[in-house]
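Coordinate inspection notes
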Amino acid sequence: MPASRVETFEPEDLATLGQIFDETWAVIAAALQDSDAESRAAARTRLAGLLLELSGREASPQQIRRVVLHMFLEAPGRSVGGPQEMQLSST
C-alpha cells in the first residue's frame, strides 16, 4: 500500500499502535477463523492501513479500536469509506 503522506512516529506512539493492532486483530481473527489464509492476510493489511490513517486524528486508542472494529465487524461485505468519512468523536 503506497503511503499518501510522510509521517514520523515516536516510539511510544508505535507501541500504542502495535497494542491497538494486536488487541483489534484478536477480535477480527476470531471472526475470520473460517476464512482462507489470503483473506486473513488481506484483513491484516487493511487493519494496519486503517490504524496508520487513523493515528493522526485526535482520538483515544479506545475510539480508534471501536471505529476499526465497527468497520470490520458491523458492516461485513460492505465497502466502507475512508477514515475521513468517520467521526471519531461520536464513537
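The rules behind each value
Residues numbered from 1 in each chain as written. Predicted model: local features only at pLDDT ≥ 70, side-chain atom pairs only at ≥ 80, totals over all residues. Heavy atoms only, no water. Salt bridge = Lys/Arg side-chain N within 4 Å of Asp/Glu carboxyl O. Helix = DSSP H or I, 4+ residues; strand = E, 2+ residues; numbered from the N terminus. Buried < 20%, exposed > 50% of the residue type's maximum accessible area, 1.4 Å probe, protein only. Core = buried A, V, L, I, M, F, W, Y, C linked by side-chain atoms within 4.5 Å. Contact = heavy atoms within 4.5 Å.

For the rest of this paragraph, the subject is the pattern of salt bridges. Scanning all chains against the criterion turns up one salt bridge. The shortest N-O distance in the salt bridge between glutamate 23 and arginine 65 comes to 2.5 Å. Of this pair, glutamate 23 sits in helix H1 (residues 11-31) while arginine 65 sits in helix H3 (residues 61-74); the two residues are 42 residues apart in sequence, bridging distant segments of the chain. Residue classification places glutamate 23 among the partly exposed positions, given a relative accessible area of 32%. For arginine 65, a relative accessible area of 18% puts it in the buried group.

Here we come to the nonpolar core. Trp25, Ile28, Leu47, Leu51, Ile64, Val68 and Phe72 are the most contacted members of the largest nonpolar core, which has 17 residues in total. At the level of elements, H1, helix H2 (37-54) and H3 are the ones that each hand at least two residues to this core. Dropping the residues within four chain positions of it, leucine 47 is found in contact with Phe21, Thr24, Trp25, Ile28, Val68 and Phe72.

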